[in-house]
Amino acid sequence: KWLNKFKKPSYYTVIRAGGATGEKGFGMQNVTLRQGDYIRGSLPMEDLASVTVASLYTKETRDTVFEVVTGNEGLHRGFSKLRHGHDGSSEECPPEDLHLARRA
C-alpha cells in the first residue's frame, strides 16, 4: 500500500509531424497544429524537437494525438485548440482548414 503513494499517472502524447526537413527551424510562432489527420506540409526537425519538448510541459497535450506542420498559427494557440483524448482518427476537413488539407 505505501508504494502506491509514489506511483505517478501515465500520460501519452503522439505527435505526427509533417515531412521532417533538415532546414533551420522557423520558430514556435511558425507552426500549425491540428487533429484529424488531414493536414499536409513539412516541418524542420529543429521545430519538431521544440514542439516535442514543449508538449512535455503542457497539460493540453496529455492523452492526445495531433499533427504539426510549418504554418502561422503559433504553438500556444495550437495547443489551446487541442481536444483532450483525441485518438488521431481521421476526420472531415473543416472549411477553414481547406488550405491545409492533403491533396488526394
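Because the structure is predicted, anything quoted here is derived from the model rather than measured.

Moving on, we get to the pairing of strand E3 (residues 31-34). Neither face of E3 is open: one carries Val-31 and Leu-33, the other Thr-32 and Arg-34, and all of them are buried. With 4 bridges joining them, E3 and strand E5 (residues 64-70) adopt antiparallel strand pairing. Paired with Leu-33 across the bridge in E5 is Val-68.

This brings us to helix H1 (residues 45-56). Across its 12 residues, H1 extends 17 Å between first and last C-alpha, which sits within 8% of the 16 Å expected from 1.5 Å per residue. Every buried residue of H1 is accounted for by Asp-47, Val-51 and Ser-55. In an axial view of H1, the angular spread of the buried residues amounts to 75°, which keeps them on one side of the axis. As for H1, its buried residues are in contact with strand E1 (13-17), E3, strand E4 (42-44), E5 and helix H2 (75-81).

Buried together is how nonpolar side chains tend to be arranged in soluble globular proteins. Residues Val-31, Leu-33, Leu-43, Val-51, Phe-66, Val-68, Leu-75, Phe-79 and Leu-82 constitute the largest nonpolar core, which totals 9 residues. Breaking this core down by element, the ones donating at least two residues are E3, E5 and H2. Ignoring any residue separated from it by four or fewer positions in sequence, one finds Leu-33 in contact with Phe-66, Glu-67, Val-68, Glu-73, Leu-75, Gly-78, Phe-79 and Leu-82. Counting 6 residues, the second largest nonpolar core, distinct from the first, contains Tyr-38, Ile-39, Cys-93 and Leu-100.

On to the pattern of salt bridges. As enumerated under the stated definition, the model contains 5 salt bridges in all. The salt bridge involving Arg-16 is made with Glu-67; its shortest N-O contact spans 3.0 Å. Note that Arg-16 is positioned in strand E1 and Glu-67 in strand E5, a separation of 51 residues in sequence. The exposure class assigned to Arg-16 is partly exposed, which follows from its relative accessible area of 30%.

Rules used throughout
- The numbers attached to residues start from 1 for each chain and follow its sequence in the written order.
- Local features in this predicted model are restricted to residues whose pLDDT is 70 or higher, and side-chain atom pairs enter the listing and the counts only when it is 80 or higher, whereas totals over whole chains, interfaces and linings include all residues.
- Side-chain measures here rest on the full set of heavy atoms in the structure, leaving out hydrogens and waters.
- Three exposure classes are used, based on accessible area relative to the maximum for each residue type with a 1.4 Å probe and protein chains only: buried under 20%, partly exposed in between, and exposed over 50%.
- Segments assigned H or I by DSSP are reported as helices when at least four residues long, segments assigned E as strands when at least two residues long, and all are numbered from the N terminus.
- We treat two strands as partners when DSSP finds at least two bridges between them.
- Working rule for helices: expected span equals 1.5 Å times residues minus one.
- It is the directions from the helix axis to the C-beta atoms whose arc is reported.
- Any pair of residues with heavy atoms lying within 4.5 Å of one another is described as a contacting pair.
- The criterion is simple. A nonpolar core is a set of buried Ala, Val, Leu, Ile, Met, Phe, Trp, Tyr and Cys residues joined through side-chain atoms within 4.5 Å.
- A pair is scored as a salt bridge if a Lys or Arg side-chain nitrogen falls within 4 Å of a carboxyl oxygen belonging to Asp or Glu.

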